[in-house]
Amino acid sequence: MKRVLYTTLVLSLCMACADNMTPQKTTTTASTTATGQRAAHASSPAADPEMDKFIDELMARMTLEEKIGQLNLVAVGFDVTGPVVSQNVDENIRKGNVGGVFNTFTPVAARKLQEMAVNNTRLKIPLLFGYDVIHGHRTIFPIPLGLSTSWDMEAIERSARIAADEASADGLNWVFSPMVDIARDARWGRIAEGAGEDPYLGSQVARAMVRGYQGDDLSEENTVMATVKHFALYGAAEAGRDYNTVDMSLNRMFNEYLPPYKAAIEAGAGSVMTSFNEVNGVPASANKWLLTELLRDKWGFDGFVVTDYTAINELVAHGIGDEAHVGALALKAGADMDMVGEVFLKNLKQAVQSGAVSEEDINKATRRILEAKYKLGLFEDPYLYTDEERAKNTIMKPAYREAAREIARKSMVLLKNEKQVLPLQKSGTIALIGPLAKNQRDMIGNWSGAGDWKQAVSLEQGIRNVAGPGVKIKYAKGANIADDEQMIQRLNAHGGDLEIDKRSSEEMIAEAVKTASASDVIVAVVGESQGMTGEAASRADITLPGQQRELLKALKKTGKPMVVVLMNGRPLALTWEDENADAILETWFAGTEAGNAIADVLFGNYNPSGKLTASFPQVVGQVPLYYAHKNTGRPFGGELLDKYKSRYMDVTNEPLYPFGYGLSYTTFDYSQPQLSKNSISANESLEVKVDVKNTGNYDGEEVVQLYVQDVVGSITRPVKELKGFQKINLKKGETQTVTFTITPEDLMFYNNELERVLEPGEFKVYVGTNSRDVQEASFTVRENQ
Ligand code: BGC
């Protein structure tokens, strides 16, 4: 067995001791305002004596009931995501029973509730205003999975910055984002809400989002507090079924699932939301190891923890006690704010009296909520975020729509392009077919609460805008997104606005075939409805829903070139489409400017540069599927008759499209990677250089990817792991040398003692255009002398 060369700290193997990394705290910048009352930024853990003094004095005046009131978060009636909605909100605010509200926005509505709190409660403590601002507030950007496929951290940060500007102008000061759950199971609807399967990329996205929302100073009127969610491991729900049990080794947890949460916390995220699942047998909202020992004691988090929607009440169904008991458990575990469930409000006073919790437990939670309000500037000005004039000048301003178009273009992934069918000519006749071709509602995707789909640009409109009068469009719907009556009812019951064509499928397909036959090229716009993705939207069949594949089969028979434009929120199983379409463009749900952005790509005004961040399986039976898998003792090498191998009888192990995959209208050539050294000591870095040449006919962007494999470890290591990427712009014919630095940190991992270690031996380096098509080099980490 290899000797550990370098560890950051040694801890024994127990959950309570897990994670030994020294918390990397963000630097605190402080400013004193005219009133001298406030100062701290984001979640800087450095001491802030002025804040402490202010809150000490305030808390000294608070009754137990008032303290408990601060721990209560209420939902104001629309856009609910759980079975329960808060009752008697106004009355509870007036009584001081509310610390924050969500699902209320606009400066007028927020001001009304804020006045209710400030004018009617004894201590005039202002409310927090939260909301699910997930991929834009009013100007909607691509769904988070789509944002991540841009691999462009500046663009992702900009989308969050714009969302923060709009949200804060719209009465809000707190957003329930970023969602950083690693997801490797395409059945899970919420894979749409995160950055995909990879912890390295996921961590970069998490940091970019937090920076975008919070800026440098939370007390500015145009920044909002971020919430890292769902803590933790929510993306690993068994069988991809939402809210389902999670059971995971510590090894996988620390190396693969926890890094993005940690990255967001290091970036200064002000709050954390618990997840619905259990972690090592204890539901997250009552998990003291998770919420206190790991999050606060090891990682140094000093913001507040809000539960997910009614998650404390749900502890009863998890089977860990009755309501009074689970309320005490959750508080003592480290949950500070109870979302909607009112378990804290109804039970904590009694719990103090019975001794189940101490007033000190409540004080800790109350203090954290008050600190958040202080950092947001609410004690200084409770109406900071309710400026109607600013709302008018900020929300959906043209520059923001333009940014949404630019960012949407970057998120699109070209999956296939045979015989250069794309880009399309700006002349001739296009058969624009499919249930999503004229659609506006679905384009803004799931979790676009304040977005107005009527403002979204459909693809039909986008083609007209971009291609101009030289292109004739002939439209046929061809199929409904869904035909199953129950599915339609479910989608529409939750705001789906599905328009179902009553004609038979045969009739619709016949019309589409006729339209296609009279055109030069088919653009088939197919996919999911937004409601088939996101929360409580797991699918066991991840092919194109309804009759859409039948439609494509019929169109194929016309012999016309067929471009498939996909709109969807998860990796789909597209084996037939890959074999039969001439081109496939993955556009996700691309947001307010979707139609313009897609048309920009289709007609070559923008050369696609997106790369997948979640593997696309050949069939659903392969999931969970991810590139950074382990090798097993019986890896399958592809021999048909090789029986006793880790394989399926009916399909290979490979994804249809691997992680990191995406084409361009141009082509790129990679040189063999060159390493600056063949061997290094454990505290040295080394450089990897590769020449990338644009060998095609267009200028274009390429995401150059670096993977590392630790060949022999004291525990098994993945076959490769992403450790660097650079998105570069290359003119036609241009060559650039891309340099990566591999640091000791990149080579470390958590072993089974939960030590973070770098072990000597051979490492392989892979550089390439995706996780599959790479060139290899290797180096050695030497034993310490
Ligand atoms: C979701 C969270 C969301 C919350 C508030 C829950 O059902 O899991 O992601 O932030 O509702 O809407």
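Residues numbered from 1 in each chain as written. Predicted model: local features only at pLDDT ≥ 70, side-chain atom pairs only at ≥ 80, totals over all residues. Heavy atoms only, no water.

Asks: A description of the overall build of the protein should follow, citing residues and the corresponding values.
Replies: For the protein, the count of helices and strands is 23 helices and 28 strands. C-alpha atoms of the protein, sized along the principal axes, occupy 80 × 70 × 50 Å. The contacts of the protein with a sequence gap of at least 6 include a subset with a gap of at least 24, amounting to 78%. As presented, the protein carries roughly 28400 Å² of accessible surface, and 48% of it is formed by carbon and sulfur atoms. Positive and negative charge centroids in the protein, built from 83 and 103 side chains respectively, lie 2 Å apart. (Helix = DSSP H or I, 4+ residues; strand = E, 2+ residues; numbered from the N terminus. Contact = heavy atoms within 4.5 Å. Areas by Shrake-Rupley, 256 points an atom, 1.4 Å probe, with all protein chains shown as cover. Lys, Arg positive; Asp, Glu negative; His and termini not counted. Charge placed at Lys NZ, Arg CZ, Asp CG, Glu CD.)

Asks: Tell me about the pattern of salt bridges, and please be specific about residues and values.
Replies: Per the stated rule, a full pass over the model turns up 48 salt bridges. Between Glu157 and Arg211 there is a salt bridge, with the nearest N and O atoms lying 2.8 Å from each other. Within this pair, whereas Glu157 is found in helix H6 (residues 153-169), its partner Arg211 is found in helix H7 (residues 199-214), the two being separated by 54 residues in sequence. Residue Glu157 is classed as partly exposed on the basis of its relative accessible area of 25%. (Salt bridge = Lys/Arg side-chain N within 4 Å of Asp/Glu carboxyl O. Buried < 20%, exposed > 50% of the residue type's maximum accessible area, 1.4 Å probe, protein only.)

Asks: Tell me about unusual backbone geometry, and please be specific about residues and values.
Replies: Here the bond from Phe231 into Ala232 is cis, since omega is 10°, no more than 30 degrees from zero. Across the junction of Leu422 and Pro423, the peptide omega takes the value -5°, indicating a cis bond. Of note, Pro423 is situated in the loop between strand E12 (413-417) and strand E13 (428-433). For Asn280, which is not glycine, the phi dihedral falls at a positive 50°. Take Asn280: it is sitting in the loop between strand E8 (278-279) and strand E9 (282-283).

Asks: Give a detailed account of the nonpolar core, specifying residues and quantitative values.
Replies: One finds Phe231 and Leu258 to be the most contacted residues of the largest nonpolar core, which totals 129 residues. With 8 residues, H6 is the largest single contributor of residues to this core. Among residues more than four places away in sequence, those in contact with Phe231 are Leu258, Tyr261, Val272, Met273, Thr274, Ser275, Ala284, Leu290, Leu291, Leu294, Leu295 and Trp299. One finds Val413, Leu544, Trp588 and Phe616 within the second-largest nonpolar core, a separate group that totals 76 residues. (Core = buried A, V, L, I, M, F, W, Y, C linked by side-chain atoms within 4.5 Å.)

Asks: Now, about the packing of H6 against H7: what can you tell me, with residues and values included?
Replies: The contact between H6 and H7 brings their axes to 7 Å, and the two run at 35°. For H6 against H7, the interelement crossing comes out right-handed. Residue-level inspection shows Met153, Ile156, Glu157, Ala160, Arg161, Ala163 and Ala164 of H6 in contact with H7, the latter providing Leu201, Gln204, Val205, Ala208, Met209, Arg211, Gly212 and Tyr213. (Axes fitted to C-alpha atoms, helices over the stretch in contact; angles between N-to-C directions. Left-handed = near helix turned anticlockwise from the far one by under 90°.)

Asks: Any details on helix H13 (residues 343-354)? Residues and values, ideally.
Replies: In this model H13 runs 16 Å from its N-terminal to its C-terminal C-alpha over 12 residues, within 8% of the 16 Å that 1.5 Å per residue would give. Listed in full, the buried residues belonging to H13 are Val343, Phe344, Asn347, Leu348, Ala351 and Val352. On an axial view of H13, the arc spanned by its buried residues comes to 145°, and they lie on one face. For H13, exposure combined with an orientation more than 90 degrees from the buried face picks out Lys346, Gln350 and Gln353. Just downstream of H13 lies Gly355, where phi reads positive at about 90°. (Expected span 1.5 Å × (residues − 1). Arc of directions from axis to C-beta.)

Asks: Outline the pairing of strand E17 (residues 583-586), supporting the account with residue identities and numerical values.
Replies: Here E17 shows a buried face lined by Ala583 and Leu585 and a second buried face lined by Ile584 and Glu586. Looking at chain direction, E12 and E17 are connected through 4 bridges and run antiparallel. When the sheet's bridge partners are listed, Leu414 is paired in E17 with Leu585. The sheet contact formed by strand E16 (residues 562-567) and E17 spans 4 bridges and is parallel. Bridged to Val564 within E17 is Ile584. You can see the chain leave E16, run along helix H21 (residues 575-580) and come back into E17, and the turn it takes is right-handed. (Pairing = 2+ DSSP bridges. Right-handed = clockwise from strand over helix to strand, strands pointing away.)

Asks: Before we move on, could you go through the UniProt feature "domain: Fibronectin type III-like" (unreviewed entry) in the protein and cite the residues and values that matter?
Replies: The residues that UniProt annotates with the feature "domain: Fibronectin type III-like" (unreviewed entry) are residues 702-771. Secondary structure across residues 702-771 divides into 6% helix and 57% strand, with the first and last C-alpha atoms of the span separated by 14 Å. (UniProt positions renumbered as here; feature names shortened; annotations may be inferred.)

Asks: Outline the sheet that holds strand E22 (residues 700-710), supporting the account with residue identities and numerical values.
Replies: What the 5 strands build is an open sheet, ordered E20-E28-E27-E22-E23; its pairing is mixed. A single partner strand is all that each edge strand has here, and the edge strands are strand E20 (679-680) and strand E23 (721-730). Pairing between E22 and strand E27 (residues 761-768): 6 bridges, direction antiparallel. Bridge pairing in E27 places Val708 opposite Val765.

Asks: Go over the sheet that holds strand E5 (residues 174-175), please, and point to the residues and values.
Replies: Taken in spatial order, the 5 strands line up as E5-E4-E3-E2-E11 in an open sheet, and their pairing is parallel. One side of each edge strand has no neighbouring strand; the edge strands of this open sheet are E5 and strand E11 (338-339). With 2 bridges joining them, strand E2 (residues 72-75) and E11 adopt parallel strand pairing. Looking at the pairing, Leu73 lines up with Met339 of E11.

Asks: Mind laying out the packing of aromatic side chains, listing which residues take part and the relevant values?
Replies: Going through the model one piece at a time under the given rule, you end up with 24 aromatic pairs. With a centroid separation of 5.4 Å and 50° between ring planes, the pair formed by Phe54 and Tyr374 is classed as tilted. Of this pair, Phe54 sits in helix H1 (residues 49-60) while Tyr374 is found in helix H14 (residues 359-375), placing the two residues 320 residues apart along the sequence. For Phe54, a relative accessible area of 19% corresponds to the buried category. Here the aromatic residues Trp151, Tyr200, Tyr627, Phe659, Tyr707 and Phe725 are joined through ring pairs into a cluster of three or more. Positioned above the aromatic ring of Tyr475 is the side chain of Lys438, whose terminal nitrogen or guanidinium carbon lies 4.3 Å from the ring centre. (Phe/Tyr/Trp six-rings, centres within 6.5 Å; stacked < 30°, edge-to-face > 60°. Lys NZ or Arg CZ within 6 Å of the ring centre and 35° of its normal.)

Asks: So, helix H12 (residues 323-333): which residues are in play, and what are the values?
Replies: The complete set of buried residues in H12 reads Val326, Gly327, Ala328, Ala330, Leu331 and Ala333. Lining the buried residues of H12 we find helix H10 (288-298), helix H11 (314-318), H13 and H14. At the exit of H12 stands Gly334, carrying a positive phi of roughly 125°.

Asks: Residue-level account of the side chain of His230, with values.
Replies: Counting through the fold element by element, His230 comes out in strand E6 (residues 227-231). According to the relative accessible area criterion, His230 is buried, its value standing at 1%. For His230, the residues in contact, after removing those within four places along its chain, are Met179, Asp181, Arg190, Tyr261, Met273, Thr274, Ser275 and Asp308.

Asks: Go over the environment of Asp297, please, and point to the residues and values.
Replies: One can find Asp297 in helix H10. Between the alpha carbons of Asp297 and Leu172 there is a distance of 30 Å; along the sequence they are 125 residues apart.

Asks: Describe the packing of helix H19 (residues 505-517) against helix H20 (residues 548-556), listing the residues and the values that go with them.
Replies: Two numbers describe how H19 lies on H20: the axes approach to 9 Å, and their chain directions differ by 35°. You can see that H19 and H20 cross each other, and the crossing is right-handed. The residues of H20 that touch H19, namely those facing Ile509, Ala512, Val513 and Ala516, are Glu550, Leu551, Ala554 and Leu555. Split into classes, the residues belonging to the contact of H19 with H20 amount to 7 nonpolar, no polar and 1 charged. (Nonpolar A, V, L, I, M, F, W, Y, C, P; charged D, E, K, R; others polar.)

Asks: An account of the side chain of Ser150 is needed here, citing residue identities and associated values.
Replies: Tracing the sequence through the fold places Ser150 in the loop between helix H5 (144-148) and H6. Ser150 sits in the buried class, given a relative accessible area of 1%. A distance of 2.7 Å separates a polar side-chain atom of Ser150 from the backbone oxygen of Leu147. Excluding residues that lie within four positions of it along the chain, Ser150 makes contacts with Ile156, Lys410, Ser411 and Lys727. (Polar contact = N/O pair within 3.5 Å; in protein donor to acceptor, adjacent residues only side chain to side chain.)

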